[in-house]
Every structure is written in structure tokens, then in C-alpha cells.
Amino acid sequence: MARRRGWGGSPPADDAEAARRIIAAAVELIGATGAEISIADVAESLGVIRQTVYRYFPSADALMTAAGIASVDDFLDRLTRHVSGRTDPVDAMTEAVVFTLTDVRRTPHLGILLSSSYANAHPDSLTSAESQAFGMTMIRRFDVDWGAHGYDEPALRELVEYVLRTMQSFFLSPGDPPRSEDELRRYLRRWMGSAISAQH
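What counts and what doesn't
- Residues numbered from 1 in each chain as written.
- Predicted model: local features only at pLDDT ≥ 70, side-chain atom pairs only at ≥ 80, totals over all residues.
- Heavy atoms only, no water.
- Phe/Tyr/Trp six-rings, centres within 6.5 Å; stacked < 30°, edge-to-face > 60°.
- Buried < 20%, exposed > 50% of the residue type's maximum accessible area, 1.4 Å probe, protein only.
- Salt bridge = Lys/Arg side-chain N within 4 Å of Asp/Glu carboxyl O.
- Helix = DSSP H or I, 4+ residues; strand = E, 2+ residues; numbered from the N terminus.
- Polar contact = N/O pair within 3.5 Å; in protein donor to acceptor, adjacent residues only side chain to side chain.
- Contact = heavy atoms within 4.5 Å.
- Core = buried A, V, L, I, M, F, W, Y, C linked by side-chain atoms within 4.5 Å.

With that settled, consider the packing of aromatic side chains. Applying the stated rule across the entire model yields 5 aromatic pairs. Between F142 and W146, the aromatic rings sit 6.5 Å apart at their centres with planes inclined by 35 degrees, giving tilted as the arrangement. Pair check on accessibility: F142 and W146 agree, each one buried. Between W146 and Y151, the ring centres sit 5.4 Å apart and the planes meet at 80 degrees, which makes this aromatic pair edge-to-face. Note on accessibility: W146 and Y151 belong to one class, buried.

As C-alpha cells, then:
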């Protein structure tokens, strides 16, 4: 009986499908609660034991990262539309950071990926290969001619790391009271903008 209930009565065909279904369950649970979830939560939702989930994801951190990455495509589409037509790197990056810090309220998966207790426990997670790939995907959607502004591939990767670290600092400590969008925009243009322009 328990065997039939597991995986909703329809076991995955292979390991790849199992991993996809575990991630999908995590994404759904995060979207419903807006918070971090445990391996036990995901296992219960799938009707499997925790060891089954651990077989594919060795920790809650690994699962949350996978869920975050899997769920940000819609965010990237919205961000691309928001910065469309902005060809100045300072303008584009400032708006991207402000948009991300604001939009995370609608995208709990993104917040968990970038700023949750998992990131606190693993401070290098923001500069992991996954986070770097996310950042590179993000800036390559901009209408900025990065090469014309002096950015080669290594410089772009350093820019991504710098911006991710900047966003993390605002996620973890937004200020008391937090800056308004306009105040944040002015602050970023003055300080982050100077750093971005220095590459040219």
C-alpha cells in the first residue's frame, strides 16, 4: 500500500525524472510557504521517505539551490523586459539590482537562492558555479555592448561576482529603515556605478 502511495502512485522512470520531480515539489512548496523547507517536507509531499530525497540531494542546501535555479526563468524574463533598451552599463546594472531586490518579494525561490539562512550557513554559495552562471545569464540578456565598454569575459565574471555580493549585502541587511527604490537607485548609481564605469 505504501509503495503505491509513494510518488503519487507513479514512480519515476529513471533518476533524472526523480530529481526533476523532487525539485518541482520543492519549488511548489516554497511558492506556497514563501520560506525555506526541509528534506522531510519534500519527502512527505511526494509520499517517499527522506532517504529517497537524500539519494539525489545530499542536503537541504543543495535542494534549495536546485529549486532556486529551476524557478528563476520567469524572473529573468521579467528582468529582461525591465532593462530592455538600456544600453549604458551603469543604468542597466542599477535597474537590474533595484528590480531584483524589489522583485524577490514575489519570487521567494530567488530570495532563498541568494539570501536565506542557507546562504548564511554557506557564505560562498553566492559565488558558487551555479550563482555565477545565473549572474552571467542575467547580464547577457541586457542590451549592453559589454565589449565596447571594456569588458572581456574575465572582467564580466568579476562584475557578476561584485554585483552578487552587493545584492547579498542588501538582502541580508536592508537597513533600518530600508531605502526606498529611488534612494537605493541613487546610492547604487553613485557607488556601484563608479566601480562599473572604472572598467572603461
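Turning our attention to the pattern of salt bridges. One pass over the structure, following the stated rule, counts 11 salt bridges. Of the charged contacts in the structure, one is a salt bridge between R55 and D15, with a shortest N-O distance of 3.2 Å. Taken together, the positions of R55 in helix α4 (residues 50-56) and D15 in helix α2 (residues 15-33) put the pair 40 residues apart, joining distant regions of the chain. Judged by relative accessible area, which is 59%, R55 ranks as exposed. The residue R21 makes a salt bridge to E17 at a minimum N-O spacing of 3.2 Å. With R21 and E17 both in helix α2 and 4 residues apart, this pair spans about one turn of that helix. Classification of E17 as partly exposed rests on a relative accessible area of 23%. Three or more residues are tied together by salt bridges with common partners; here these are R86, D91 and R189.

With respect to the element layout, D103 can be found in helix α7 (residues 89-103). Looking at D103, its side chain comes within polar contact range of the side chain of R78, at 2.3 Å. Other than its neighbours up to four places away in sequence, D103 contacts F75 and R78.

Further remarks concern the nonpolar core. L79, M93, I139, F142, W146 and L159 are the most contacted members of the largest nonpolar core, which totals 35 residues. At 9 residues, helix α11 (residues 153-172) tops the list of elements feeding residues into this core. By size, the runner-up hydrophobic cluster in this structure holds 22 residues, among which are V48, V53, A60 and M64.

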